[in-house]
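Listed below, chain by chain, are the residues.
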Amino acid sequence: MFLASPPEPCLVKESNQAFFDLFPHRFDYIYAPHPEPGTKPHWQTESRHPLTNRLLNQSSYLYGVRFGVKTRYCLLDIDAGSPYHPDRDGFAVQRILGVLEPLGLTRSLICTSSYSGGLHIYFPFQSAQKTWELGATLTILLENAGFSVKPGCLEVFPNHRSPNPQGKPSLFNAHRLPLQMGSYLLNQDFEPVWTDRFNFVQQWQSSQEHNEIPPRLLSRILKQNQRKRYQISGKAAKFLNDLNAEIELGWTDYGQTNYLLGRIAMRTYIFHHVLEGSTPLIGQSLVDEIVAVARSLPGYQEWCQHQHQIEHRAAEWARCVENSHYFPYGTGSCINNAQHQRSAEPSGSQQSLNWNQQRSENTKERIRQAIADLLNQNILPTQATARFKALTRYGIGGASLYRYKDLWHPNFLVAPEDQDFINNPLNPSDQYTQLEPVQSDQHSSNLLAVLDGNSAQSVDSSDQAVEDFGINDGNTTVDAGFDCSTHGSADADASYWHSCQHSCQHSHWSKRVLPQLETEQLLLSGNSSRILDAEWWFQSGQRLGWLFRGFPLKPP
């Protein structure tokens with residue numbers, strides 16, 4: 001329980017009234033007799049009556065005051081033996097002032113506290129602030145910056161106070177008033193300069209005009225930076241405080257929605273029942289809480305560009321965290337609540353895919369459809385880079401394309417029927433023994449007529465009799481062949497086999513289908529059986545070339 005401030009006393013106006021008005025709270029003041037040089041004063045608290053202006057003017061004691069419910073100033077106390085004193089660290093004071101600038105405190109008054117050489121740094125500001133909130137914010141900011149806030153080192157007024165466990169009234173710490181014995185204003189070089197109460201008020205008011213704490217800034221900074229103590233393990237408490245630090249700052253720019261929703265979903269799913277004393281949230285209740293937290297954060301209206309679909313985004317993150325390895329704190333096991341709910345449904349959901357698997361299958365299907373569309377238009381690029389760029393124009397991300405390269409990359413894309421053909425080729429001689437030659441009235445000087453998916457008649461100007469050797473590939477026959485009896489020697493068909501040799505030398509399929517055979521030697525061997533084998537492999541290569549038309553199969 002905190003002590004509520006009584007109404008301010010009605011005091012007699014004095015000639016130095018402007019100076020006295022700087023410190024309006026006079027209850028529970030402290031006083032001490034003037035000490036001997038080199039000794040410390042013995043402070044006592046007077047709670048029977050308030051400190052009056054005339055007692056201050058009399059100056060028979062050293063006086064100090066406390067803070068009420070609200071205040072228009074704060075101060076820092078750096079003792080002479082502190083590591084932050086200018087005699088020990090010439091830059092510490094500037095670092096401290098820099099820590100407090102985000103609050104709007106940019107101007108200060110620095111004076112000595114007494115003959116000991118300690119420093120009092122005053123920060124007057126225009127709008128009255130809640131005293132406890134100001135003290136807590138100052139303390140947390142300084143501690144987070146690495147400063148040690150404790151007596152003898154660095155003290156903050158008003159101090160960060162906590163409720164008394166016995167329920168007794170809790171007072172803010174008192175501080176000594178300025179310009180008493182041994183107290184002088186200091187310049188920028190921390191050298192004392194003479195001043196009186198009138199000049200002190202002028203400098204106070206000048207600094208006050210430059211210091212302005214925006215409304216609700218203290219509560220926002222306090223919520224963003226305060227690391228609370230929870231009744232959970234040390235590692236869990238750190239995890240929760242780290243999530244708070246990420247979330248409570250809210251939106252500060254565009255492009256932060258996805259990141260913040262992920263952190264909100266994680267904190268809500270894991271710790272909401274700890275913070276609110278309820279049961280763990282799952283399903284739609286989890287989604288609703290994520291949306292409520294997101295809309296309450298600072299910067300949501302100004303920077304979030306997904307306000308029209310915030311519920312959909314929150315639902316995606318809720319499903320994601322439910323299917324992750326995280327689980328509500330204290331449950332003791334990683335239970336997938338979403339899958340547990342689906343298992344109760346009677347529609348065969350045991351075999352259903354989870355959310356990640358569904359997205360994976362959808363991405364694969366989009367890649368397949370894109371490849372099919374490019375093939376139908378006969379514009380599928382043969383190079384990997386060009387094909388990659390063509391697929392990205394279908395709205396497929398680069399990461400997805402790299403993950404599923406087997407669906408589109410030239411090194412992986414092979415027609416299934418011809419993959420079996422390549423892996424398990426028939427013996428050429430056996431293949432031909434299974435085929436019956438078909439007499440044709442047409443003659444050809446080429447081994448293979450143009451194939452277009454159906455049978456095509458060969459056209460030639462040669463007087464060679466052409467036999468048709470069909471290749472059982474479903475809907476294609478090869479209208480090309482020869483009579484082995486007429487090819488007893490290579491000389492009889494020099495021009496014919498020269499054409500075949502030239503075609504094989506320039507056909508990568510003779511190397512791709514049967515890289516271990518030297519096609520040229522087979523054609524020039526003069527052996528009809530070996531020539532038959534060579535022609536069969538040549539025709540097989542042309543067949544594969546037709547089947548893979550539009551696919552990026554290149555010679556090695």
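Residues numbered from 1 in each chain as written. Predicted model: local features only at pLDDT ≥ 70, side-chain atom pairs only at ≥ 80, totals over all residues. Heavy atoms only, no water.

**Regarding the pairing of strand β3 (residues 62–65)**
Burial along β3 is two-sided: the face carrying Leu62 and Gly64 and the face carrying Tyr63 and Val65 are both buried. Of the pairings in the sheet, the one linking strand β1 (residues 29–32) to β3 comprises three bridges and is antiparallel in character. By the bridge assignment, Tyr31 is partnered in β3 with Tyr63. Relative to strand β8 (residues 175–176), β3 runs antiparallel, the two being bridged by two bridges. The residue of β8 that forms the bridge with Val65 is His175. (Buried < 20%, exposed > 50% of the residue type's maximum accessible area, 1.4 Å probe, protein only. Helix = DSSP H or I, 4+ residues; strand = E, 2+ residues; numbered from the N terminus. Pairing = 2+ DSSP bridges.)

**A few points about the confidence of the model for the protein**
Summary statistics for the protein give a mean pLDDT of 75 and a share of 64% for residues scoring 70 or more. In this model, residues 425–493 is a region of pLDDT below 50 whose contacts with residues beyond four sequence positions or in other chains number 131 contacts. For residues 542–556, every residue scores under 50 in pLDDT, and the model assigns this stretch 44 contacts once sequence neighbours within four places are set aside. (pLDDT = per-residue confidence, 0-100. Contact = heavy atoms within 4.5 Å.)

**Examining helix α8 (residues 257–276)**
Since one α-helical turn is 3.6 residues long, residues separated by three or four positions face the same way. Taking 1.5 Å of rise per residue, the 20 residues of α8 would be expected to cover 28 Å, yet its terminal C-alpha atoms sit only 25 Å apart, more than 12% below that figure. At Ile270, α8 shows its maximal bend, which comes to roughly 55 degrees. For α8, a buried count of 14 out of 20 residues is recorded, marking the element as mostly surrounded by other parts of the structure. (Expected span 1.5 Å × (residues − 1). Bend = angle between axes of the 7 residues up to and from the residue.)

**Here we look at the packing of aromatic side chains**
Scanning the entire structure with this criterion turns up 23 aromatic pairs. Taking the centre distance of 5.4 Å and the plane angle of 85 degrees together, the rings of Phe23 and Tyr73 count as edge-to-face. Placement of Phe23 in the loop between α1 (17–20) and β1 and of Tyr73 in strand β4 (residues 70–78) is noted, with a sequence separation of 50 residues between them. The buried category is assigned to Tyr73, whose relative accessible area is 3%. Here the aromatic cluster, defined as three or more aromatic residues joined through ring pairs, consists of Phe19, Phe20, Phe23, Phe67, Tyr73, Tyr122, Phe200 and Trp204. (Phe/Tyr/Trp six-rings, centres within 6.5 Å; stacked < 30°, edge-to-face > 60°.)

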